[in-house]
Amino acid sequence: ATAAGCMPDSSNSDSHSKGRAAATAALAVSDSSSSDDSTKHRSAVFVLNDGNISVLARNAVILYMAAELQAPADAVLVVWANHALTQQQSDLLLRSCKALADQQWPAWLTAADMLGSPAAQQQQQPSVHSGDRGTSAVSAAEQQVRAACAAWASSTVSLQQLLQLRDAHVSSAGARVHAVELSLSAVGSANNQQHKKEISQYIQSGSIHLQAKRQGQQLNCPNLTFLLAPELQYTVYFSTSIFRAVPMAVTNAAGASAADKLLATVAPQIAATARGLQQGSLEVQLMLGDILSVATATPADAGASVPYSGLFDFIDTFNVCDYT
């Protein structure tokens, strides 16, 4: 999902798993000028919100891959979209999971327990490894994100087992047919006719195939972030599809696949997001809960002294993209 032109966010329009709070991305923007006002800098804080800690952890893993590991855009897209990964893509994913589980988080990433409280946001401290300051000083949300990442990093679930869990979860042939129809509807009539077979194969297999980047590598490793963590259960909604989340770029390249068109869309977005995180102009805060309840609350409802409506410059409630 994109928030103001940035990176993947959260939840599925069909409620990816039953009982999940709607996912949102909120944006706060600030301007700063140099002393002579000759240079103006804009910074943005993205608050990624979901009722499921695994979704927030997965967002962090993908962003860490892009910004800290400088993973190529095709690897980021495949981890976002695919159940099956190449060995190289799997290695990047596991490095990201292990770093977020055990190491000090980068300065651009924090996790907060309270959703939307101005006082809580002011008091929120930069995220550091729990070993550096004691677990009592680390937010419960951060501990849960770390636990989810640790569960993925240590899992021994194979690709075959992951796909068996997927098949058991979506056993209805009718559901698969409906999922194909929803994805075809999302890409528009022109792409619908040109890429119907490829999109149908993606829904059936759970993985896209990038022609330009495959280089003969086999998709034989599991993407464990499709499992609810730390329980390692499969709860992905039947209609989840990268083609419902990312618009396909218009390209004149002969023989461009649907997956290649997705990559053409997200590659510049991934590059811009990674650059902003690396340079300090973008920050990300993970919040577990329901931001819509907070956004519609009055100050008296939560004991705040200022209206919640002033917290963010923009709130994106687009709700299609929790896993893809």
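Here, the structure is the one placed above.
Residues numbered from 1 in each chain as written. Predicted model: local features only at pLDDT ≥ 70, side-chain atom pairs only at ≥ 80, totals over all residues. Heavy atoms only, no water.

Colleague: Explanation requested: the side chain of Arg146 in the structure shown.
Modeller: Looking at where Arg146 falls in the secondary structure, it is placed in helix 6 (residues 140-154). Engagement of the side chain of Arg146 in a polar contact is seen with the backbone oxygen of Ala101, the distance being 3.2 Å. (Helix = DSSP H or I, 4+ residues; strand = E, 2+ residues; numbered from the N terminus. Polar contact = N/O pair within 3.5 Å; in protein donor to acceptor, adjacent residues only side chain to side chain.)

Colleague: Would you mind going over the packing of helix 1 (residues 53-67) against helix 6 with me for this structure?
Modeller: Put simply, helix 1 and helix 6 touch, their axes get as near as 9 Å, and they point 75 degrees apart. For the element pair helix 1 / helix 6, the angle class is roughly perpendicular. The segment helix 1 lies against helix 6, with Ile53, Ser54, Ala57, Arg58 and Val61 engaging Ala141, Gln144, Val145, Ala148, Cys149 and Trp152. Residue composition of the contact of helix 1 with helix 6, by class: 8 nonpolar, 2 polar and 1 charged. (Axes fitted to C-alpha atoms, helices over the stretch in contact; angles between N-to-C directions. Parallel < 35°, antiparallel > 145°, perpendicular 65-115°, else oblique. Contact = heavy atoms within 4.5 Å. Nonpolar A, V, L, I, M, F, W, Y, C, P; charged D, E, K, R; others polar.)

Colleague: Sorry if this is basic, but what is going on with the packing of aromatic side chains here?
Modeller: How two aromatic rings sit relative to each other is set out by the distance from centre to centre and by the angle between their planes. By the definition in use, this model includes 2 aromatic pairs. Considering the side-chain rings of Tyr202 and Phe243, the 5.4 Å spacing of their centres and the 80 degrees angle between planes classify their relative orientation as edge-to-face. A residue pair is termed long-range when its members are at least 10 positions apart, and Tyr202 in helix 8 (residues 173-205) and Phe243 in the loop between strand 7 (233-234) and helix 9 (258-279) qualify at 41 residues. For the pair Tyr202 and Phe243, a shared accessibility class is recorded, and that class is buried. The ring centre of Phe226 lies 4.7 Å from the NZ or CZ of Arg58, which sits over that ring. (Phe/Tyr/Trp six-rings, centres within 6.5 Å; stacked < 30°, edge-to-face > 60°. Buried < 20%, exposed > 50% of the residue type's maximum accessible area, 1.4 Å probe, protein only. Lys NZ or Arg CZ within 6 Å of the ring centre and 35° of its normal.)

Colleague: Help me understand the nonpolar core, please; the structure alone is not making it clear to me.
Modeller: For soluble globular proteins, the rule of thumb is that nonpolar side chains tend to be buried together. Ranked by internal contacts, the top residues of the largest apolar core, which has 77 residues, are Leu77, Cys149, Trp152, Ile242, Phe243 and Leu286. Here this core gets 11 residues from one element, more than from any other, and that element is helix 1. What Leu286 contacts, discounting residues up to four positions off in sequence, is Leu48, Leu56, Ala60, Leu109, Thr110, Ala111, Ala112 and Val145. Of all hydrophobic cores here, the second largest spans 6 residues; its members include Val47, Ala112, Met287 and Ile291. (Core = buried A, V, L, I, M, F, W, Y, C linked by side-chain atoms within 4.5 Å.)

Colleague: Help me out: how do you make sense of helix 1 in this one?
Modeller: An α-helical segment advances 3.6 residues per turn. Residues three or four places apart therefore align on the same side. For helix 1, spanning 15 residues, the distance from its first C-alpha to its last is 21 Å, which sits close to the expected 21 Å at 1.5 Å a residue. For helix 1, a buried count of 15 out of 15 residues is recorded, marking the element as mostly surrounded by other parts of the structure. For helix 1, the N-terminal capping position is held by Asn52, with its side-chain oxygen 2.8 Å away from the main-chain nitrogen of Ser54. (Expected span 1.5 Å × (residues − 1).)

Colleague: Quick question: what am I supposed to make of the environment of Lys261 here?
Modeller: With respect to the helices, strands and loops of the structure, Lys261 is situated in helix 9. By relative accessible area, which is 7% here, Lys261 ends up buried. The residues touching Lys261, leaving out its near neighbours within four places in the chain, are Asn191, Gln194, His195, Pro247, Met248, Ala249, Thr251 and Ala256.

Colleague: I'm lost on the environment of Ser43 in this one. Help?
Modeller: Note that Ser43 resides in strand 2 (residues 40-50). Considered as a pair, Ser43 and Ser281 are 238 residues apart in the sequence and their alpha carbons are 4.4 Å apart.

Colleague: Got a minute to help me understand unusual backbone geometry in this structure?
Modeller: Trans is the prevailing form of peptide bonds, just as negative phi is the prevailing case for residues other than glycine. Following Ala229, the chain continues to Pro230 via a peptide bond in cis, the omega torsion being 5 degrees. Mapped onto the elements, Pro230 comes out in the loop between strand 6 (227-228) and strand 7. Residues other than glycine seldom take positive phi values, yet Gln70 does so here, at roughly 50 degrees. By the secondary structure assignment, Gln70 is in the loop between helix 1 and helix 2 (73-81). We note that Leu232 has phi near 60 degrees; this positive angle belongs to a residue other than glycine. The residue Leu232 is located in the loop between strand 6 and strand 7 in this model.

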